[in-house]
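# A look at the structure
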Amino acid sequence: MPNLRLLTWNINSVRLRLPLLAEVVRELAPDVVCLQETKCPDEFFPHEAIAALGFPYRTARGMKGYNGTAILSKLPFAERAADPNWCERGDCRHVGVDLDVPGGLELHDFYVPAGGDIPDRDLNPKFAHKLDFLAEVTAWTAARGPAKRAVLVGDLNIAPLEDDVWSHRQLLKIVSHTPVEVAALNAWAAAGEWHDAIRHFVPPPEKLYTWWSYRAKDWLAADRGRRLDHIWCSQDLAGKLARHHIHKAARGWTQASDHVPVLLELAL
DNA sequence: ATGGTTGCTCCGCAA
């Protein structure tokens, strides 16, 4: 089969940014799109409009106002309905599918809790939730053993490497780049023997970002980004990584998301 | 050191 083009994007409202999703599809021609922060209850998910973009297979797990994940596909898949309800919250932070490609492919789309502003689990319940969520997914991953024929994508809300942030030193106490979060993310990846498919193409010390704050006067000039969005693959796919693309231009679009699409092409 | 913007929803909260 031709290469599989997988895209992940924190769209920050699927309804508001439907025209931008169409533009992403037009420019990057993904076969599978994993969205986060759809902010859309399932009964309002824009299925018809997305079907018209060329995605006959779709699954959405959304809720009112916050969170929400969705997978849109040109290829058939079976939804993984039995995956856990993280932290018993039902807060729509994960959806997984088994893609119908030769040899099969398990695909997981995650939206890890952002964690609030104070990096202390005793002072900040949102930070405690982030760490608890990471501990839970790590235990689940460890129990399942090394990932095989699998890809994990999403807004993991952690920039693990020094070169995943504009200033390692200045962000050490900023939620998303604290040592405790980085250790938790690394433990999760280690538990499944996941391979960082994007850093495979762009090793440190090259800077790499997927998110730029809305609060900057000039996001491009300041370039104070962070790499919060990730694509991991199982070791058996590491030799099949064909190319990647971080669609930085999308950050400059009118009414942009603060995250940009990240694409991985796999030679299955 | 601080404040800055956005989206959803209900006028604050999460990011």
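Calculation criteria
Residues numbered from 1 in each chain as written. Chains lettered and ligands numbered in written order. Predicted model: local features only at pLDDT ≥ 70, side-chain atom pairs only at ≥ 80, totals over all residues. Heavy atoms only, no water. UniProt positions renumbered as here; feature names shortened; annotations may be inferred. 1 Å grid on protein atoms, 1.4 Å probe; cavity = no way out; pocket = protein on both sides within 12 Å on 5 of 7 lines; lining within 4 Å. Buried < 20%, exposed > 50% of the residue type's maximum accessible area, 1.4 Å probe, protein only. Contact = heavy atoms within 4.5 Å. Helix = DSSP H or I, 4+ residues; strand = E, 2+ residues; numbered from the N terminus. Salt bridge = Lys/Arg side-chain N within 4 Å of Asp/Glu carboxyl O. Core = buried A, V, L, I, M, F, W, Y, C linked by side-chain atoms within 4.5 Å. Phe/Tyr/Trp six-rings, centres within 6.5 Å; stacked < 30°, edge-to-face > 60°. Lys NZ or Arg CZ within 6 Å of the ring centre and 35° of its normal.

## Some thoughts on the UniProt feature "binding site: Mg(2+)" (unreviewed entry) in chain A
Residues annotated by UniProt as "binding site: Mg(2+)" (unreviewed entry) correspond here to N10, E37, D155, N157, D258 and H259. Taken together, the annotated residues stretch across 250 residues yet fold into one region, lying no more than 12.5 Å apart by C-alpha. Considering only the residues just annotated, the largest pocket is lined by N10, E37, D155, N157, D258 and H259. Residue class for E37 comes out buried when judged on its relative accessible area of 14%. With sequence-adjacent residues up to four places away left out, E37 is seen in contact with N10, I11, N12, S13, V14, N67, G68 and Y111. The topology assignment puts N157 in the loop between β8 (150–155) and α4 (168–171). Note on N157: relative accessible area 8%, which makes it buried. Filtering out sequence-adjacent residues up to four positions away, N157 remains in contact with Y111, V112, P113, A114, K130, S176, E181 and L228.

## Details of the pattern of salt bridges
Considering all chains together, one arrives at 17 salt bridges under this definition. In this structure, the salt-bridge partner of E265 is R5, at a minimum N-O distance of 2.4 Å. Taken together, the positions of E265 in strand β14 (residues 262–266) and R5 in strand β1 (residues 4–10) put the pair 260 residues apart, joining distant regions of the chain. Both residues of the pair, E265 and R5, count as buried. Across the pair E37 and K39 runs a salt bridge whose closest N-O atoms are separated by 3.8 Å. A relative accessible area of 26% means that K39 is categorised as partly exposed.

## With respect to the nonpolar core
Grouped together as the largest cluster of nonpolar side chains are 51 residues, with contacts concentrated most on L21, L35, L72, L107 and V151. Sorting elements by how many residues they give to this core places helix α1 (residues 18–28) first, with 5 residues. The contacts of L35, once residues within four sequence positions are left out, are W9, I11, V14, L21, G68, T69, A70, L72 and D109. Within the second largest apolar cluster, 20 residues are counted, among which are V112, A150, L152 and I158.

## A look at the packing of aromatic side chains
Centre distance and the angle of the planes are the two values used to describe a pair of aromatic rings. Enumeration according to the criterion identifies 9 aromatic pairs in this entry. For the pair F110 and W188, a centre-to-centre distance of 5.1 Å together with 85 degrees between the ring planes defines the contact as edge-to-face. Of this pair, F110 sits in strand β7 (residues 105–111) while W188 sits in helix α5 (residues 179–191), and the two are 78 residues apart along the sequence. Here the two residues F110 and W188 agree in accessibility, since each one is buried. Clustering of aromatic rings is evident, with ring pairs tying together W86, F110, F133, W140, W188, W194 and W232. The cationic tip of K74 hangs over the ring face of F55; the distance from NZ or CZ to the ring centre is 4.6 Å. The ring of W166 has R224 lying over it, and the distance from NZ or CZ to the ring centre is 4.1 Å.

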